[in-house]
Amino acid sequence: MSAQIANPPMDMPSAPRLQDLLDGVALDATKPLATQIYELLRDFIISMKLTPGCALSEKEIGALLNASKTPVREAIIRLEGTGLVNIVPQSGTYVAPLNVEGYLSACFTRLHLEIGAVRAAAASEGRHAFVPIFDSLLAQQQTAWDNDDFEAFFHLDEALHKEFFRAAKVPEVWETMRRTQTDVYRVRHLRRIRNIRNGAKVIADHKAIIGAILDGDADRAQAALVGHIGSLEAKIKSLTDQPELMRTIETLNTARPRSRRKKTNLSGSEQVTEEACQASY
């Protein structure tokens, strides 16, 4: 990707400010605060509500969530560890660019780990215990699709794929894989924003994978999963066949929003302070 776009696509909605995203959010004092803050910010980033280059002020986040500095800092460090933010010394914390190479690597990781999971699930003697869980998640996902609720559809999709790893008795592998999928999730949300959707096929694919697992047919489960996720070659072709999506990714990565402003303090001198990110697609 080398061409630069002067103006972003006009059909993309404006991204909300962090203050608006956190308005009314209350943390549960009985649960780890750092984990809650991490999950909140992670969700905002992978859903493209916070776009590449947006500044994240630890002080602002703490004030909006009524949280101390320590859990906010821990959450930011975890986000950096998963590649979602960049911490720049003497500058601040910024949402990381969407990395196409990272996206393709994550697709490769997911494909091969999940092939192992569905094959192991199909071979598991306890696989039929997951029938009620599979049925419930499929029904909920269908409802979300019917209601055009992509956010719910996405989270139910994650929940269902997580169950494949649980049925394979390797739930910790799911958590490992999930940490690698941030750019995959961001591309999926960009497709949704640009109205590139295939929910009906996703649900049909899920039914095929589950049917093969319950039948104990590992080869069929693998074939259904590969058809669902797509090979690495198919992922590359999908990107090249959607030049508008590629241009949108580049626009997001290159048209960085302003993240700082000058403010006059009580002594009359100017100082630079971070302000909430308000980017647009």
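Everything numeric here is computed off the predicted structure, so don't read it as measured data.

Chemist: Sorry, what's going on with the overall build of the protein chain here?
Modeler: What the protein chain contains, in helices and strands, is 13 helices and five strands. The long-range fraction of contacts in the protein chain, counting pairs at least 24 apart against all pairs at least 6 apart in sequence, stands at 75%. Of the roughly 14,100 Å² of accessible surface on the protein chain, a fraction of 52% belongs to carbon and sulfur atoms.

Chemist: Sorry, what's going on with the environment of Arg73 here?
Modeler: Within the secondary structure, Arg73 sits in helix α4 (residues 69-81). With a relative accessible area of 32%, Arg73 lands in the partly exposed category. Each C-alpha atom, one on Arg73 and one on Tyr38, is 9.6 Å from the other, the two residues being 35 residues apart in sequence. Leaving out residues up to four positions away in the same chain, Arg73 has contacts with Glu58 and Ile87. Polar contacts involving the side chain of Arg73 include one to the side chain of Glu58, which spans 2.5 Å.

Chemist: Looking at this structure, I do not really get the nonpolar core. What am I missing?
Modeler: The nonpolar side chains of a soluble globular protein tend to be buried, and buried together. Ile37 and Ile61 are the most contacted members of the largest nonpolar core, which totals 56 residues. If you tally residues by element for this core, the top one is helix α7 (residues 150-167), at eight residues. Met48, Tyr103, Val187 and Leu190 belong to the second-largest nonpolar core, a separate cluster that totals 13 residues.

Chemist: What am I meant to see in the packing of helix α5 (residues 100-123) against helix α11 (residues 218-229) here?
Modeler: Each packed pair of helices is defined by two parameters, the angle between the axes and the distance between the axes. Two elements in contact, α5 and α11, have axes separated by 8 Å at closest approach and are oriented at 150 degrees. Comparing the axis directions of α5 and α11 gives the class roughly antiparallel. Seen along the crossing, α5 lies across α11 with a hand that is right-handed. Every residue of α11 that contacts α5 at Arg110, Leu111, Glu114, Ile115, Val118, Arg119 and Ala122 is listed here: Ala218, Asp219, Ala221, Gln222, Leu225, Val226 and Ile229. In terms of residue class, the contact of α5 with α11 is made up of nine nonpolar, one polar and four charged.

Chemist: Just checking my understanding: could you explain the pairing of strand β2 (residues 85-88) for this structure?
Modeler: Consecutive residues of a regular strand have side chains that alternate between opposite faces of the sheet. Note that β2 and strand β3 (residues 92-95) share four bridges and pair antiparallel. Across the sheet, residue Val85 finds its bridge partner in β3, namely Val95. With antiparallel pairing between neighbouring strands as the criterion, β2 and β3 make up a hairpin whose turn holds three residues, including Gln90 at a positive phi of roughly 65 degrees.

Chemist: I keep staring at helix α3 (residues 58-65) and nothing clicks. Help me out?
Modeler: Residues separated by three or four positions in an α-helix point in the same direction, a consequence of the helix having 3.6 residues per turn. All of the buried residues along α3 are Glu58, Glu60, Ile61, Gly62 and Leu65. For α3, the secondary structure elements touched by its buried residues are α1 (18-22), α2 (33-46), β1 (55-56), α4 and β3. Asn66, located one to two residues past α3, shows a positive phi value of around 55 degrees.

Chemist: I would appreciate a short explanation of unusual backbone geometry in the present structure.
Modeler: With the exception of glycine, most residues fall at negative phi, and the peptide bonds are largely trans. Despite not being glycine, Asn66 shows a phi value in the positive range, around 55 degrees. Relative to the assigned elements, Asn66 resides in the loop between α3 and α4. Phi at Lys169 takes a positive value of approximately 65 degrees, unusual for a residue other than glycine. Take Lys169: it is sitting in the loop between α7 and α8 (171-178).

Chemist: Help me understand the sheet that holds β3 in this model?
Modeler: Remark on secondary structure: sheet strands pair via backbone hydrogen bonds, oriented parallel or antiparallel. Reading across from one edge, β1-β3-β2 is the order of the three strands in this open sheet, with antiparallel pairing throughout. Edge strands, defined here as strands with exactly one partner in the open sheet, are β1 and β2. Relative to β2, α4 is tilted by about 115 degrees, and along the sheet it contacts β1, β2 and β3.

Cut-offs and rules
- Residues numbered from 1 in each chain as written.
- Predicted model: local features only at pLDDT ≥ 70, side-chain atom pairs only at ≥ 80, totals over all residues.
- Heavy atoms only, no water.
- Helix = DSSP H or I, 4+ residues; strand = E, 2+ residues; numbered from the N terminus.
- Contact = heavy atoms within 4.5 Å.
- Areas by Shrake-Rupley, 256 points an atom, 1.4 Å probe, with all protein chains shown as cover.
- Buried < 20%, exposed > 50% of the residue type's maximum accessible area, 1.4 Å probe, protein only.
- Polar contact = N/O pair within 3.5 Å; in protein donor to acceptor, adjacent residues only side chain to side chain.
- Core = buried A, V, L, I, M, F, W, Y, C linked by side-chain atoms within 4.5 Å.
- Axes fitted to C-alpha atoms, helices over the stretch in contact; angles between N-to-C directions.
- Parallel < 35°, antiparallel > 145°, perpendicular 65-115°, else oblique.
- Left-handed = near helix turned anticlockwise from the far one by under 90°.
- Nonpolar A, V, L, I, M, F, W, Y, C, P; charged D, E, K, R; others polar.
- Pairing = 2+ DSSP bridges.

From the geometry alone we can't say anything about function, so treat these as descriptive.
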